[in-house]
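Below are the chains, spelled out letter by letter.
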Amino acid sequence: MPHELPKSYEPGAIEARWAEYWVKEKLFSVPTPPPGETRPVFTLLLPPPNVTGRLHMGHMLNQTQMDIIVRWHRMRGFLTLWLPGTDHAGIATQMMVERQLAKEGKKRRDLGREAFVERVWEWKKHYGGAILDQMKRLGASVDWDREYFTMDENLSRAVREVFVRLYEEGLIYRGKYIVNWCPRCGTAISDLEVKHEEVPGKLYEIRYPVIGTSEFIAVATTRPETMLGDTAVAVNEKDERYTHLHGKTVLLPLMNREIPIITDDLAQSEFGTGAVKVTPAHDPNDFEAGLRHNLPQIEVMDEHAHMNENAGPYAGLDRFEARKRVLEDLREQGFLVGEKDYTVALGKCDRCGTVVEPRLSTQWFIKIAPLAGPAIEAVENGEITIVPENYKQIYLNWMRNIHDWCISRQLWWGHRIPAWHCACGEIVVAREAPARCPKCGGAVKQDTDVLDTWFSSGLLPFTTLGWPEKTRDQEVFYPTTLLITAYEILFFWVARMIMFGCHFMHGHRQDAKLKQASGWCEKKDDSVPFRQVYIHALVRDAERQKMSKTKGNVLDPLEVIERFGTDATRFTLAAMAAPGTDIAFNESRTEGYRNFANKIWNAARFMFMNVDRINGGTGVSPVQAGFQQPAGVAGFGAVALEDRWLLSRFNRVAKEVNEALETYRFHEAANQIYDFFWGEFCDWYLELIKPRLAEGASPESARVACSNLVGLFEAALRLLHPVMPFITEEIWHAIYDGKRPSQSIALAAYPQADDRSIDLAAETEMAILQDLIVSVRTLRAELKVEPKQRVPIQIFVHQPEIRKLIEQNQGAVERLAGVEKVEFVENSLAKLAGARHTARFDVHVVYERKIDVAGERERLTKELEKIEKEIANGQRQLGNENFLAKAPASVVDGLRKRAAELAVLREKTKSKLEELG
Ligand SMILES: [Zn+2]
Ligand SMILES: [Zn+2]
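Residues numbered from 1 in each chain as written. Chains lettered and ligands numbered in written order. Predicted model: local features only at pLDDT ≥ 70, side-chain atom pairs only at ≥ 80, totals over all residues. Heavy atoms only, no water.

Engineer: Mind showing me how you'd approach the coordination of the zinc ion (ligand 1) here?
Structural biologist: Metal coordination angles have textbook ideals: 109.5 degrees for a tetrahedral set of four donors and 90 or 180 degrees for an octahedral set of six. Distances from the zinc ion (ligand 1) to its protein donors, Cys182 (SG), Cys185 (SG), Cys349 (SG) and Cys352 (SG), fall within 2.2 to 2.4 Å. With 4 donor atoms in place around the zinc ion (ligand 1) and angles of 103 to 117 degrees between them, the coordination shape is tetrahedral. Residue class for Cys182 comes out buried when judged on its relative accessible area of 0%. (Donors = N, O, S within 2.8 Å, 3.2 Å for Na, K, Ca; no water. Tetrahedral: all angles 85-135°; square planar, octahedral: opposite > 155°, others 65-115°. Buried < 20%, exposed > 50% of the residue type's maximum accessible area, 1.4 Å probe, protein only.)

Here's what the structure looks like:
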């Protein structure tokens, strides 16, 4: 019996098998569509993980949401392309390989550039696929045939093309500039790659003698070693304390250099002494002031942050050692006049934690304003929408204050800048290496810098589709539809893609039909890289703490998957992902969703067993046995109330789920499906149809019941598929076996609501029956009726049609509520003990407990003692400050909740004791 499911649900085996099947069968590959393609298009670019990456919870959330949206679109008939790939990740990868070399006692420079880069490629070949393999295991439905790597030859060629075009347009320039320099990584890093930390430090006051007078002028600094490179002292023009010193000079202590006193707004009268030192080569603000006043730029440190020959006697010292020595000497010579505690905002390298040094260097820049303008407009006028909406303002504020982008990095791994230098000073920027200098005919050497890694990833929405060639893929798939990403790369990546897209893809789309198919024909331009950006939340631990290695609270998604299965892990992330709130990941939730999968599994087994028996035990699949009804009104053998009800509910839930996914309310979609599948389908429907499937039922009725059951089950699987792709694929195949309509449930149609199947009457009737059954169950529990004991009930109803409804379904009421017999009475039962009344009926459970008063009193007294004891224990713990300080919040919280429950329990027990007298 090939369709039969194993007894126990074991996600590990099922998931690995389907993950492999999807990849091997190329189910999600999308070849270039031929002309005439008019299906609506859905394109999504995977934010490329670093090639050095390992899957973390953030990826897992990101990938789950992307895969849900992608599968949902594909099932709704969109031409759906999800593009995967990895980023070469300049610094990160270089560091990884450097570390590997260090173990062999070697350094990058021992190998030389070429051999080192060779070594990185070698590393990539062995380890670079790890994160994509992990993605495959998650079931990500990407087009693996289109996998890219940002250093691929075609992508590298596009990078050179962009560089050359921007250069030719005058938007790339080379300049001396103060950059954030990491002395450990030996490269410039962008503002975004600097972490700022407030640390206790000192503010030193140094006085400089004014030449030709007996006066001093005092300045304050937190980095005294940089004074060695001072080229002026600035005061504010309006500061009257210094008016008499305008035009004079000071003698720079330790260096004995004469430097001018200038007037500049850099100096503010209200801060400190009102005078500031100016070090153009080592501070960004001073650099600007230096340009205004034509001051020399004296660098006193080298690329390793060691003092250089311009630092006189301090040459060769590390910057911090130099600081100590400079301070000692200033103190000794009487120039250090103040020293106080001060909080310093220290910039550290995001990669390695080394203190960043502002440093003057020659770098390549993109003139950003001409690119930023259209990128601001695109978001302002709604060509790109950002969800949640509060990120729109954050984006706009940042873009309106954007600085030129330093794109060069002093690394070996990355896209080497396509510029060649000649000894005569000529620089050639070209797509291919020039043979010799066009000016003097001399030999040329390629620039040693590489491009910032975000330069190439910023181009991905079009370079992955064949740009700079004009391709059919671009026509069809660009602009991409959606980008799902993390907030932390909104500026690094998202903003740059928008700028590049708007600049290079202007008016690219010619095919009017496709414009129409993409549904955006009214928009003026198709240059934007995506229509919508969805910023997802963060995954935190169960205590809402940010996951971090130092705290030791990092959850490895692969371990969670190992324990509960990918489906359950995906479901957890979807069910907890309310927009705009972070997810406090709790494994107990995942365990609950594993149970959900288990429930579905058991329901499927129940179905297969019954269907096969009713079909005479032939062992063929339900569909081969002819049991398959579409879950729509047409052809549905909806004879019984429960069939009409479930079909109606299904269509309502389908409507709500589709609407929720449309607006990224993943949690609503997941919770709706959960309540439907577990609550309505398994707990009610399966119970209600049992008699129709039972032995001895009429064969005709049994066949209709089977068809409806199989049809609704199959439809519910399709509804659930985007969130739990594995278990749904497994059961779906078993339902069809040899008669599959497609290779995978992933290619089947997503359920859409059919208003004709909405059956208000059936929903209302079912609600009354459920209300009645639940009331009786509650009463039974309150009266402590033994679970197996059947009890008579009395019902009072005003309306004859409700009485008729209950009479027609009396069998179900008796079975599901453990009722022995039903008696309809003429008077209200509301006043009786052991009764419930609702607007439509009163119900009374006829049950008299014979209780042994003495025994009961003893039992209750013991129970009360136990409760009192637990209350005292809890109070002791909650009163212990030491415990409170150490215990996790969830434990404390749990204790508090328990205390409240215990108080209620104590009151209830006491009043029962009193009742006994
Ligand atoms: Zn660094
Ligand atoms: Zn030359």
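Engineer: When you look at the packing of aromatic side chains in this model, what are you seeing that I'm missing?
Structural biologist: A ring pair, where both rings are aromatic, is described by two values, the distance of the centres and the angle of the planes. By the definition in use, this model includes 43 aromatic pairs. Aromatic side chains Trp398 and Phe491 sit 4.3 Å apart centroid to centroid with 20 degrees between the ring planes, which places their arrangement in the stacked category. Taken together, the residues Trp398 in helix H11 (residues 390-400) and Phe491 in helix H15 (residues 490-504) connect sequence positions 93 residues apart. Phe491 gets classed as buried once you look at its relative accessible area, which sits at 12%. Arranged with centres 5.5 Å apart and planes meeting at 75 degrees, the rings of Phe677 and Phe681 form a pair that is edge-to-face. Residue Phe677 and its partner Phe681 are both found in helix H21 (residues 666-693); the two are separated by 4 residues, about one turn of the helix. Taken as a pair, Phe677 and Phe681 share a single burial class, namely buried. An aromatic cluster is defined as three or more aromatic residues linked by ring pairs; in this entry it consists of Phe163, Tyr167, Trp364, Trp405, Phe455, Phe462, Trp467, Tyr478, Phe500 and Phe504. Geometry around Trp181 places Arg359 over its ring, the cationic atom sitting 4.5 Å from the centre. (Phe/Tyr/Trp six-rings, centres within 6.5 Å; stacked < 30°, edge-to-face > 60°. Helix = DSSP H or I, 4+ residues; strand = E, 2+ residues; numbered from the N terminus. Lys NZ or Arg CZ within 6 Å of the ring centre and 35° of its normal.)

Engineer: Just checking my understanding: could you explain unusual backbone geometry for this structure?
Structural biologist: Looking along the chain, the bond that leaves Trp467 and enters Pro468 is cis, with omega of 10 degrees. With respect to the secondary-structure elements, Pro468 resides in the loop between helix H13 (460-463) and helix H14 (472-477). Of note, the bond from Tyr478 into Pro479 is cis; its omega dihedral lies within 30 degrees of zero at 0 degrees. At Lys26, a position not held by glycine, the phi torsion is positive, near 50 degrees. Residue placement: Lys26 occurs in the loop between helix H1 (11-24) and strand S1 (41-45). For Asn256, which is not glycine, the phi torsion reads 50 degrees and is therefore positive. If you trace the backbone, Asn256 turns up in the loop between strand S10 (249-252) and strand S11 (257-263). Residue Asn256 is classed as exposed on the basis of its relative accessible area, which comes to 58%.

Engineer: Whenever I open this one, the pattern of salt bridges confuses me. Can you help?
Structural biologist: Opposite charge on two side chains allows them to pair when their charged atoms are near. Going through the model one piece at a time under the given rule, you end up with 56 salt bridges. Residue Asp473 is joined to Arg146 by a salt bridge in which the shortest nitrogen-to-oxygen separation is 3.0 Å. Taken together, the positions of Asp473 in helix H14 and Arg146 in the loop between helix H6 (130-138) and strand S4 (148-149) put the pair 327 residues apart, joining distant regions of the chain. Comparing Asp473 with Arg146, the two get one shared label, buried. Of the charged contacts in the structure, one is a salt bridge between Arg756 and Asp754, with a shortest N-O distance of 3.1 Å. Here the salt bridges do not stand alone but share partners, grouping Glu161, Arg165, Glu168 and Arg431 into one network. (Salt bridge = Lys/Arg side-chain N within 4 Å of Asp/Glu carboxyl O.)

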